[in-house]
Amino acid sequence: MTRYVFITGGVVSSLGKGLASAALAAVLQARGYRVRMRKLDPYLNVDPGTMSPTQHGEVFVTDDGAETDLDLGHYERFTGVPASRADNITTGRIYQDIIAKERRGDYLGATIQVIPHVTNAIKDFVLEGNDAYDFVLVEIGGTVGDIEGLPFFEAIRQLGQELPRGTCCYVHLTLLPYIPSAGELKTKPTQHSVKELRSIGIQPDILLCRCDRDIPADERRKLALFCNVRETAVIEARDVASIYEVPLSYRKAGLDREVLGHFGLEHGQEPDLGRWQTIAERVRNPEGEVSIAIVGKYTGLKDAYKSLTEALTHGGISHRVKVNLEWIEAEVFEREDPAPFLEGLNGILVPGGFGQRGAEGKIRAARFAREKRIPYLGICFGMQMAVIEAARSLAGLPEANSTEFGDTAEPVVGLLTEWLRGNELERRAAAGDLGGTMRLGAYDAKLDPESKIAQIYGTADISERHRHRYEVNMAYRERLEAQGLRFSGVSPDGLLPETVEHVGHPFFIGVQFHPELKSRPFEPHPLFKGFVGAAIEQSRLV
Ligand code: GLN
């Protein structure tokens, strides 16, 4: 039988609902259950693909090419189960489908309304394809009280009545702020948030309370009494040093016991959290450290690079070192010499990005890494900028540029208009839609077996996730290879460059895909393991 856990949030946003859901999933998994995770996003965008990363954080891309919420990244990293298009839905997508049906006449003359049509569509989505799972964890984006969230709350309320008795559990994540002048953790915001939830018909079963200290027995009793939950269902979600400690801390606070107890399931036995203990221990007690510069564009909001920073942490875990990140706005290098910023660092990473702002700064960062022999990892845009750098500095093409920034005499990076997906030819026009039209999702690549990157992967056949509209222009391959920039990986049909590397450099690799999306704490991605390894080597030289 499939059981549903609905996770909602209250009081303030950014409490880490995604992480909380992922950590609960990990603990249930550690008890041998099969867990699926899904996310309902109330905003009106069809998907987050067109949203600025500085507003919404990173866009997480799945193997099947969906641009999804970054919480799906947490889900994958914590459960090891690849997310798919079917795990995330938004109001925009629901309305898009409903309106398409209405235009086709599928509703046979009915008046289309939020209840039942929108709520039914949400319920259908939640219930679809869950047979193989013991638990389905459904996170609702936003906070209770948001107007746009109402149809989603209504849908999960209805499910509580429609699904078999005892198969739904409502978990509400709230904040207990500590007020120094009163010397107390305050329960009132949580009481209000639960009141709001109950006013739309949902009685939470479990309260997951974010706090920075122990919840005293009195406050716990008060919360239970006023929020109408059992005292044991008031679960402390204490701030922890690393996100990989969250499953352990939930276990300690009794979250899994309470969830299983709610469903009448046996919970006497301890879950096997050994691998989480190992990870937490490695993060807590590193044997060294390295410092890596991230020369990017959205450095003001760290969530814009969520998977990236996690992948670097994983790389560190695999070598038992702490990876310190130096965030640098690429634009700074357009005004100032990069040397004082980058000297003394052990690696330079230029991540994915869009648009011209900061591009010249990234090119300067790539040049610095090449000339000073500092390990460099260029991801997507970071590979494209590294190729432009080589074209300008080594291949005698001072006009080299990307057509992403306008017309150019030397289009070393150009618009991708055709490519193969399996046996299908995908086509794009220059003036096409922006949403959902990039080369998205998992594509295979063939690596040159003699290359450094093939050595790092330990194989010549790889599959990685993509999200790009532009591509390094094969017409420049020979001229660049003659200067030592090897096109070490290409698409299986040989038409699209996938990876490049500077021959003879300790570690200078550019990849057209996003390896960070597939890195996991238990299985650090080979490129991040290799990059951090090279940074450790470099740190021995300085
Ligand atoms: N803007 C570049 C492109 O569309 C790079 C994209 C990226 O870094 N994800 O190709």
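Residues numbered from 1 in each chain as written. Predicted model: local features only at pLDDT ≥ 70, side-chain atom pairs only at ≥ 80, totals over all residues. Heavy atoms only, no water.

### Some details on a nonpolar patch on the surface
- Judged by side-chain polarity, Y95, I99, V114 and I115 come together as a nonpolar surface patch covering roughly 340 Å² of accessible area.
- Put simply, the parts of the chain that give the nonpolar patch at least two residues each are α4 (91-104) and α5 (114-127).
- Its location among the elements puts V114 in helix α5.
- With relative accessibility at 37%, the residue V114 sits in the partly exposed group. (Patch = residues over 30% accessible without salt bridge, like charges linked within 9 Å, V, L, I, M, F, W, Y side chains within 5 Å. Areas by Shrake-Rupley, 256 points an atom, 1.4 Å probe, with all protein chains shown as cover. Salt bridge = Lys/Arg side-chain N within 4 Å of Asp/Glu carboxyl O. Helix = DSSP H or I, 4+ residues; strand = E, 2+ residues; numbered from the N terminus. Buried < 20%, exposed > 50% of the residue type's maximum accessible area, 1.4 Å probe, protein only.)

### Comments concerning the site of the ligand
- The ligand sits among G352, G353, F354, C380, F381, Q384, E404, R467, H468, R469, Y470 and H514.
- One nitrogen or oxygen atom from the main chain of R467 is found 2.9 Å from a nitrogen atom belonging to the ligand.
- Between the ligand and the protein, one listed contact pairs an oxygen atom with a backbone N or O atom of R469 at 2.9 Å.
- Isolated, the ligand exposes 300 Å² of accessible area, and the fraction of that covered by the protein chains is 99%.
- For the shell around the ligand, the secondary structure elements donating two or more residues are α16 (381-393) and β21 (461-468). (Near = heavy atom within 4 Å. Polar contact = N/O pair within 3.5 Å; in protein donor to acceptor, adjacent residues only side chain to side chain.)

### Points about the nonpolar core
- Judged by nonpolar contacts, the single largest core of 57 residues is most densely connected at V5, F135, L137 and L208.
- In this structure, V5 is in contact with L24, F135, V136, L137, V138, C169, V171, V259 and F263, ignoring residues within four places of it in sequence.
- Counting residues in hydrophobic clusters, the runner-up holds 32 residues, among them L308, C380, L447 and A454. (Core = buried A, V, L, I, M, F, W, Y, C linked by side-chain atoms within 4.5 Å. Contact = heavy atoms within 4.5 Å.)

### Observations concerning α4
- The terminal C-alpha atoms of α4, which comprises 14 residues, lie 20 Å apart, in line with the 20 Å expected from a rise of 1.5 Å per residue.
- Along α4, the positions that sit buried rather than exposed are T91, G92, I94 and I98. The arc that holds the buried residues of α4, viewed along the axis, is 155°, so those residues lie on one side. Facing away from the buried surface of α4 by more than 90 degrees, the exposed residues are R103 and R104.
- Those residues of α4 hidden inside the fold are in contact with β2 (35-41), β5 (88-90), α5 and α6 (150-162).
- Where α4 terminates, the next one or two residues include G105, which has phi positive at roughly 90°. (Expected span 1.5 Å × (residues − 1). Arc of directions from axis to C-beta.)

### Details of the sheet that holds strand β22 (residues 470-472)
- With mixed pairing, the three strands of this open sheet are ordered in space as β16-β17-β22. With partners counted over all chains shown, the strands left at the sheet margins are β16 (400-402) and β22, one partner each. Averaged over all pairs of adjacent strands, the angle between strand axes in this sheet comes to 30°, irrespective of strand direction.
- Pairing of strand β17 (residues 410-415) with β22 involves three bridges; the strand directions are antiparallel. Residue pairing for β22: V413 is matched across the bridge by V472.
- Strand contacts of α16: β16, β17 and β22, with the helix running at about 160° to β16, the strand carrying the most contacts. (Pairing = 2+ DSSP bridges. Axes fitted to C-alpha atoms, helices over the stretch in contact; angles between N-to-C directions.)

### Side note on the environment of P151
- With respect to the helices and strands, the residue P151 is situated in helix α6.
- Considering only alpha carbons, one finds P151 and P42, 109 residues apart in sequence, at a separation of 8.5 Å.
- Those residues in contact with P151, other than ones at most four positions away along the chain, are V114, V118, T119 and I122.

### Observations concerning the UniProt feature "binding site: UTP" (unreviewed entry) in the protein
- In the UniProt entry, the feature "binding site: UTP" (unreviewed entry) is given for S13, K186, T187, K188, P189, T190, Q191 and K222. Considering the C-alpha atoms alone, the annotated residues occupy 210 residues of sequence and remain spread out, their largest mutual distance being 23.4 Å. As for the largest pocket, its lining draws on S13 from among the annotated residues.
- Within the secondary structure layout, T187 lies in the loop between β9 (184-185) and α7 (188-199).
- If we ignore the near neighbours within four places in the chain, the residues touching T187 are L176, E219, K222 and L223.
- Excluding residues that lie within four positions of it along the chain, K222 makes contacts with T187 and Q191. (UniProt positions renumbered as here; feature names shortened; annotations may be inferred. 1 Å grid on protein atoms, 1.4 Å probe; cavity = no way out; pocket = protein on both sides within 12 Å on 5 of 7 lines; lining within 4 Å.)

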